[in-house]
Amino acid sequence: MTRSQLTPGVVAGRLGAEDYARNFADIAPKLEPHEARVAADRCYFCHDAPCMTACPTSIDIPLFIRQIATGTPEAAARTIFSQNILGGMCARVCPTETLCEEVCVRETAEGKPVEIGRLQRFATDTLMARGDHPFARAAATGKRVAVVGAGPAGLAAAHRLAMKGHAVTIYDARGKAGGLNEYGIASYKAAGGFAAAEVEWLLKIGGIEVRHGQALGRDITLDALVAGHDAVFLGVGLAGVNALRAAGEDCEGVANAVDFIADLRQAADLSKLPVGRDVVVIGGGMTAVDAAVQSKLLGAENVTIVYRRGKSRMSASEHEQDHATQTGVRIIHNAAPVAVHGNGAVREVEFAYTEDTPEGLRLSAETFRLKADQVFKAIGQTLKGAPEGLKTEGGKIAVTGPGRTSVPGVWAGGDCAAGGEDLTVTAVAEGRDAAEDIHASLTA
């Protein structure tokens, strides 16, 4: 049976093979050497550079760009990796438009920043393509550290600890390492299996064992990890998904956006991945944008993001919002879901217009409905299964300083820890800094 964007229901194979390949190709391919040199020449190499201050991992951006400009991209990569061992992925997924590039002097003066993100990718890809690893392990300390979670925070912590000579075991619930880099990033941002390749490259430091299928609370306990190791780092992310709290949300066709993105990332053949004709995504963050854009790229005819507050309150950057609309996604602001309608399977979603008042969000009596055969919830994730005895704050693990939890010998970082933005680059910084503190504690 021939299918198209007009085929009703949630079905696979809406597009041709060439369409899938084109839609999910690398959105920002690596710069060619000459292009990189030209882009690097725009940098003023500022003293007290604002771009460096804006980087959560404090990469010496003027230095690495100067190294590219002088024809030594491998040296530039070492500068980057010394601060951010996942610099390759961060170059692809960081919201540079609201971090380093937003404060670039060129942006302030001309409205066109130095392409810091693409230059970082050029440098890191160049070194990684050689296959070697730029760091070596220190002499073995005899100390053993457990890292729970093989996402950005856990990988950054594990690598820094291994560099210091400690033996590290990573326990991860999934079948592949990488966390959100592997399962939660839009495919066109990390094409060609880059997330897995980056993990393989990172592990070349040695001294790190990865154990898959090990979930905290199910297969391993915090007490056992503390008893069997000299220190523990928790980088478990946020596994829970908030509910819509709208009548009918258990209808067939209503799913979590994070699960949809994970399925897409792991799909060997995108033509076999079903998507609706009329897709509604509820939320205002990067997960909502990634789910909506990829639904459109899979062949959905109509895709709409609905967010309960105004455009400026969306946690997805303006750049990402613009990308969504340019892809054909419609964004409706100031509306919240009140009911999902359908006879078993979703057919419509009813929304109420909202008003953001000093007392909080207020729903009006005026409502509207959107046709939908597939609905994705992207309204935030929550910490799931936090071990007893760990102090929490705002629904996350409470930490002080560089990731110290309320339990002696246990650190935490990344999305599961309170404080900081839920960004890959922030998770890397927190994992790295916790590792430094763990090392200092173990060698005091």
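Here, the structure is the one placed above.
In this text, all values refer to a predicted model and were calculated from it rather than measured experimentally. Residue indices follow the written sequence of each chain, beginning from 1 at its first position. In keeping with the model being predicted, local features are shown solely for residues with a pLDDT of at least 70 and side-chain atom pairs are shown and tallied solely at 80 or more, while totals for entire chains, interfaces and linings include all residues. Excluded from the side-chain calculation are hydrogens and water; included are all heavy atoms of the structure.

A. A look at the sheet that holds strand β11 (residues 348-357). Note on pairing: two strands pair once DSSP finds at least 2 bridges between them. For the purposes of this entry, the term helix denotes a DSSP run of H or I that reaches at least four residues, the term strand denotes a run of E that reaches at least two, and both are numbered from the N terminus. Spatially, the three strands line up as an open sheet ordered β10-β11-β12, and their pairing is antiparallel. Either end of the sheet is taken by a strand with one partner, and the two such strands are β10 (335-341) and β12 (360-371). Sheet twist, expressed as the mean angle between neighbouring strand axes with direction ignored, is 25°. In this structure, β11 lies alongside β12, joined through nine bridges in antiparallel fashion. Bridged to V349 within β12 is L370. A fitted line through C-alpha atoms represents every axis, and for helices the fit uses only the stretch in contact; the resulting angles, taken between N-to-C directions, go from 0 to 180 degrees.

B. Structural detail: the pairing of strand β4 (residues 231-234). Partly exposed describes any residue whose relative accessible area lies between the buried limit of under 20% and the exposed limit of over 50%, with all areas from a 1.4 Å probe on protein chains only and scaled to the type maximum. Burial along β4 is two-sided: A231 and F233 facing one way and V232 and L234 facing the other are all buried. As judged from the four bridges shared by strand β1 (residues 144-148) and β4, these two strands associate in the parallel manner. Its bridge partner being in β4, A146 is matched across the sheet by V232.

C. Structural detail: the sheet that holds β4. Taken in spatial order, the five strands line up as β3-β2-β1-β4-β17 in an open sheet, and their pairing is parallel. Since the sheet does not close on itself, it has two edges, and those belong to β3 (208-212) and β17 (410-412), each with one partner. The mean inter-strand angle of the sheet, taken between neighbouring strand axes irrespective of direction, is 20°. Contacts are residue-level and defined by heavy atoms, with any inter-residue pair within 4.5 Å sufficient. Across the sheet, helix α16 (residues 424-442) lies against β1, β4 and β17, angled at about 170° from β4, the strand it touches most.

D. View of the pattern of salt bridges. Salt bridges are defined by distance alone: a side-chain nitrogen of Lys or Arg within 4 Å of a carboxyl oxygen of Asp or Glu. As enumerated under the stated definition, the model contains 26 salt bridges in all. With a closest N to O distance of 3.0 Å, R130 and D132 form a salt bridge. Among the residues examined, R130 registers a relative accessible area of 47% and is labelled partly exposed. Of the charged contacts, one joins E301 and R277 as a salt bridge, the two residues approaching to 2.7 Å between their closest N and O atoms. Taken as a pair, E301 in the loop between α14 (286-297) and β8 (302-306) and R277 in the loop between α13 (257-266) and β7 (278-282) lie far apart in primary sequence, 24 residues in all. Take E301: its relative accessible area is 25%, and that puts it in the partly exposed class.

E. Quick look at helix α9 (residues 152-163). Multiplying 1.5 Å by the residue count of a helix minus one yields the expected span of that helix. Across its twelve residues, α9 extends 17 Å between first and last C-alpha, which sits within 8% of the 16 Å expected from 1.5 Å per residue. With eleven of its twelve residues buried, α9 lies for the most part within the structure. Every buried residue belonging to α9 is among P152, A153, G154, L155, A156, A157, A158, H159, R160, L161 and A162, and all of these are buried. The positive-phi residue at the C-terminal boundary of α9 is G165, with phi of around 100°.

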